[in-house]
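Chain residues, written in single-letter form:
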Amino acid sequence: MKSRAERRARVAPAKVALPQQAALVAAIIVAIVVVYLPALRGDFVWDDFLLITGNPLLQNFPGLLEIWSGGRTADYFPLTNTVFWIEHHLFGANATGYHAVNILLQIANALLVWRLLKQLNIPGAWLAGLIFGIHPVHVASVAWISELKNLLAMLFALLSVLFFLKLDNQRLRNSVTAYSASLVFFALALLSKTQVVFLPFVLLLCAWWRDKKSAGTKTNQDLRSDAIRSWPFFALAIFLGLVTMWFQSRGIGEEEIVIGSLPRRFVNAAMAIWWYAGHLSAPVRLMAIYPNWRFDSPGVFEWLPLIALIGVVAALWHWRNRGTRGAFFAVACFIVALLPSLGLVRMAYVRSGTLVADHLQYFADVSLLALFCAGVAYAWNQRQRATKIATATIVTLLVGVMGTYAFDRAEVYRNEETLWQDNLSKNPDAWQAHIMMAQRRFKQERYAEAAYHAGRAAELKPELADIHNELGLAYCRLERFEDGIAEYRKALQLKEAKPSAARSAGVAKIRANLANALAITANHLSESATTVPEEAVRRYDEAIRQYEEALEIDPQQPAIHRNLGMLLAQLGRYDEAIPHLRATLQMVPNEPTARQLLDEIEARR
């Protein structure tokens, strides 16, 4: 019987001349750089403010320690956050440096895709690396700084697979080194983003493909050997997968995230797989947030995608020895890589109401791209000159169109304005886009537009208290105080309905906003009256109570102390006002309003 090493022997491909090899590498690099030139001029968007520009853990060395302890992070991606920490100290608030790192990682990943497919002896490997590098769907993973986690995890995952495929029982030392490197790189991938928990299955599929490709038969001993080698990978995946689920559960808290019944989850998962395959094949109308999915009980016809998917996989497996082995390998890897992001368990990414996103398919696309490019290579190798010309023409046009669209998509990620305007033009019911636009318009002091977007977000996602608070702020800037007060009360009601949020800093801010609005409306009621109206007194009393309750939750808020002190002084309650004004000055020594008012009170006394 032939040894495993002998059965893996393949006919060595013709060596490519060094200048030609360098030209192929340069072509991938140049293509990716050109496509992502707009990203270099891009700003921070969306989650970038939470993860980078507004992340206190990036400021100092203790923050780096907290990144690894996970005490204040929404997810446990410590390696990604460590790179953010380094980038923050290198680039500060200059987004160009962050974008440059992402682009360099995308170049490395495209070259590694080429190298991996070549090692698996899959035709068209270079073309697959090129398309992977410039595919429009992948713009979300490159032009969006926060998705550094995708790029890092992909880099280490590809290295893990490459080293795993170098294992050779007849050279024990090299085999141990390659195995150790593969396991370490997998751990680094998981610490970058745990979506790569699927990788142990891909390793087994790659080993199966390589052995079948070279020998046609795989012994039970080989199967046992692969299983033994893979179990530490599965152990790591299970452990860090559970850690991530715990972090997600902690971050989600009591927020309602609907994923549907078990039948609905399986139906949606199948539809998502077909959806991702379709977007990879025809990347049109790409956007940051796609329209909502259904999470109710599935209808009869909604089972068809799942039935069709099972049928396709079963047919490819059944005829694997009659020419469908490559297709089965590609489809199996694609499905396995998507499993962690198909909504089978409750995860934060489903909170937007949609089950799919461009960046969630980044890891899965390699296998289907490899299948397509193998088909291109087969057509190119046909003897007919017309076939070669047609193949070259179609592929050139395809690559050109994809590169052009990817360039345009990178331009969309330039800033918040371009990103959310593009999204709302294609999906006007994206509540996250509306709330981001509301916040942007509020900062621009375009309060009518801020109220519109916050109002739409409140209609689409009425259960989120922060949206009602944002709407209340916009209404009050428009002097629609009664509407603003009503929104603040809704926000408080939603927050206090959840025990975990009832005493949060967010509640303190909402109470302070409500108190501000009550005090202002009470002043309006009192302006033209000879005596303070009863309604104004009631509002003053409630405003004081709201301020005090806010300070009980978060006593280190100088603005709340100042506003409460001002209101108490206005009502002639100077002894009560003085401690709050002094507290304000202890926290902000140069606060002018508190200093002036305190001096006036003390001078009067």
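What counts and how
Residues numbered from 1 in each chain as written. Predicted model: local features only at pLDDT ≥ 70, side-chain atom pairs only at ≥ 80, totals over all residues. Heavy atoms only, no water. Helix = DSSP H or I, 4+ residues; strand = E, 2+ residues; numbered from the N terminus. Buried < 20%, exposed > 50% of the residue type's maximum accessible area, 1.4 Å probe, protein only. Contact = heavy atoms within 4.5 Å. Areas by Shrake-Rupley, 256 points an atom, 1.4 Å probe, with all protein chains shown as cover. Lys, Arg positive; Asp, Glu negative; His and termini not counted. Charge placed at Lys NZ, Arg CZ, Asp CG, Glu CD. Expected span 1.5 Å × (residues − 1). Salt bridge = Lys/Arg side-chain N within 4 Å of Asp/Glu carboxyl O. Polar contact = N/O pair within 3.5 Å; in protein donor to acceptor, adjacent residues only side chain to side chain. Axes fitted to C-alpha atoms, helices over the stretch in contact; angles between N-to-C directions. Parallel < 35°, antiparallel > 145°, perpendicular 65-115°, else oblique. Left-handed = near helix turned anticlockwise from the far one by under 90°. Nonpolar A, V, L, I, M, F, W, Y, C, P; charged D, E, K, R; others polar. Core = buried A, V, L, I, M, F, W, Y, C linked by side-chain atoms within 4.5 Å. pLDDT = per-residue confidence, 0-100. Phe/Tyr/Trp six-rings, centres within 6.5 Å; stacked < 30°, edge-to-face > 60°. Patch = residues over 30% accessible without salt bridge, like charges linked within 9 Å, V, L, I, M, F, W, Y side chains within 5 Å.

Enquirer: Just checking my understanding: could you explain the overall build of the protein for this structure?
Expert: Secondary structure summary: the protein contains 28 helices and zero strands in total. The 605 residues of the protein split such that 52% are buried. Put simply, 72% of the contacts in the protein that link residues at least 6 apart link residues at least 24 apart. When the accessible surface of the protein is totalled, it reaches about 28200 Å², and 62% of it is carbon and sulfur. When the 61 basic and 51 acidic side-chain charges of the protein are each reduced to a single mean position, those positions are 17 Å apart.

Enquirer: Teacher, can you tell me more about unusual backbone geometry here?
Expert: Most peptide bonds take the trans form, and the phi angle of most residues other than glycine is negative. Notably, Trp46 is not glycine yet its phi reads approximately 50 degrees, a positive angle. Within the secondary structure, Trp46 sits in the loop between helix 3 (37–40) and helix 4 (48–53). Not every positive phi belongs to a glycine, and Glu479 is a case in point at roughly 65 degrees. Within the fold, Glu479 resides in the loop between helix 22 (465–477) and helix 23 (481–496).

Enquirer: Explanation requested: helix 16 (residues 325–338) in the structure shown.
Expert: One turn of the α-helix equals 3.6 residues, which is why residues spaced by three or four share an orientation. Taking 1.5 Å per residue, 14 residues should reach 20 Å; helix 16 reaches 20 Å between its end C-alpha atoms and fits that length. Most of helix 16 is tucked away: 13 of the 14 residues are buried.

Enquirer: It is not clear to me how the pattern of salt bridges should be interpreted in this structure. Could you clarify?
Expert: Scanning the model with the defined rule gives 30 salt bridges in all. The residue Arg41 makes a salt bridge to Glu411 at a minimum N-O spacing of 3.6 Å. Taken together, the residues span a long stretch of sequence, with Arg41 in the loop between helix 3 and helix 4 and Glu411 in helix 18 (residues 385–412) at a distance of 370 residues. Residues Asp429 and Arg456 are paired through a salt bridge, measuring 2.7 Å at the closest nitrogen-oxygen approach. Taken as a pair, Asp429 in the loop between helix 19 (416–426) and helix 20 (431–443) and Arg456 in helix 21 (residues 447–460) lie far apart in primary sequence, 27 residues in all. Within this structure, Glu482, Arg489, Glu535, Arg538, Arg539 and Glu542 form a network of salt bridges that share partners.

Enquirer: Before we go on, may I ask you to explain the side chain of Ser526 in this structure?
Expert: Of note, Ser526 is situated in helix 24 (residues 505–527). One polar contact links the side chain of Ser526 to the main-chain carbonyl oxygen of Ala522, over a distance of 2.9 Å. Each residue touching Ser526, except ones within four places of it in the same chain, is listed here: Val532, Pro533, Ala536 and Tyr540.

Enquirer: Can you help me understand the side chain of Asn150 in this one?
Expert: Considering the arrangement of structural elements, one finds Asn150 in helix 10 (residues 148–164). Here Asn150 is in contact with Ser141, Lys193, Gln195, His359, Tyr362 and Phe363, once residues within four sequence places are set aside.

Enquirer: Any chance you could explain the packing of helix 16 against helix 17 (residues 365–380) here in plain terms?
Expert: In a packed pair of helices, the relevant descriptors are the angle between the two axes and the axis-to-axis distance. Two elements in contact, helix 16 and helix 17, have axes separated by 7 Å at closest approach and are oriented at 160 degrees. Comparing the axis directions of helix 16 and helix 17 gives the class roughly antiparallel. The two elements helix 16 and helix 17 cross, and the hand of that crossing is left-handed. Along the contact surface, helix 16 presents Gly326, Ala327, Ala330, Val331, Cys333 and Phe334, while helix 17 presents Asp365, Ser367, Leu368 and Leu371. Of the residues contributing to the contact of helix 16 with helix 17, the split by class is seven nonpolar, two polar and one charged.

Enquirer: Explain the nonpolar core to me, please; I cannot follow it from the model alone.
Expert: One finds Tyr36, Val196, Tyr276, Phe329, Tyr413 and Trp420 to be the most contacted residues of the largest nonpolar core, which totals 195 residues. If you tally residues by element for this core, the top one is helix 10, at 13 residues. When neighbours within four sequence positions are excluded, Val196 is seen to be in contact with Ala153, Ala157, Phe186, Ala189, Leu190 and Phe363.

Enquirer: Would you take a moment to explain helix 8 (residues 125–134) for this structure?
Expert: Most of helix 8 sits inside the fold, with nine of its 10 residues counted as buried. Listed as buried for helix 8 are Ala125, Leu127, Ala128, Gly129, Leu130, Ile131, Phe132, Gly133 and Ile134. Those residues of helix 8 that are buried lie in contact with helix 2 (18–35), helix 7 (95–119), helix 10, helix 17 and helix 18.

Enquirer: Even after reading the chapter, I still don't get the confidence of the model for the protein, so can you show me in this structure?
Expert: For any part of a model where pLDDT is low, the fine detail of the predicted coordinates should not be relied upon. Overall, the predicted model of the protein reaches an average pLDDT of 89, with 93% of residues at or above 70. Segment residues 1–14 is flagged for pLDDT under 50; beyond a separation of four residues in sequence, or across chains, it makes 27 contacts in the model.

Enquirer: Can you help me understand the packing of aromatic side chains in this one?
Expert: Aromatic ring pairs: the centre-centre distance and the angle between the two ring planes describe each pair. This model, assessed by the stated rule, comprises 22 aromatic pairs. Their ring planes at 55 degrees and their centres at 6.1 Å tell us that Phe198 and Phe363 sit as a pair that is tilted. With Phe198 in the loop between helix 11 (172–192) and helix 12 (199–214) and Phe363 in the loop between helix 16 and helix 17, this pair connects stretches of sequence that are 165 residues apart. Judged by centre distance (5.3 Å) and plane angle (85 degrees), the rings of Trp246 and Phe247 are edge-to-face. Phe247 gets classed as buried once you look at its relative accessible area, which sits at 6%. Among the aromatic residues, those joined into a ring-pair cluster are Phe132, Phe198, Tyr362 and Phe363.

Enquirer: Would you take a moment to explain a nonpolar patch on the surface for this structure?
Expert: Taken together, Ile29, Val30, Val33, Val34, Leu37 and Phe407 make up a surface patch of nonpolar side chains, about 430 Å² in accessible area. Broken down by element, the residue count for the nonpolar patch peaks at four residues, all from helix 2. Here Val30 lies in helix 2.

Enquirer: So what exactly am I meant to see when it comes to the packing of helix 14 (residues 262–281) against helix 16 here?
Expert: With their axes 11 Å apart at the nearest point, helix 14 and helix 16 run at an angle of 115 degrees to one another. Of the two elements, helix 14 crosses helix 16, and the hand of that crossing is right-handed. Residue-level inspection shows Ile273, Tyr276 and Ala277 of helix 14 in contact with helix 16, the latter providing Phe334, Ile335 and Leu338. The residue inventory of the contact of helix 14 with helix 16, partitioned by class, reads six nonpolar, no polar and no charged.

Enquirer: Please clarify how the environment of Asn81 should be interpreted in this entry.
Expert: In this structure, Asn81 sits in helix 6 (residues 78–91). The exposure class assigned to Asn81 is buried, which follows from its relative accessible area of 9%. Separated by 14 residues in sequence, Asn81 and Ile67 place their C-alpha atoms 6.7 Å apart. If we ignore the near neighbours within four places in the chain, the residues touching Asn81 are Leu58, Ile67 and Thr73.

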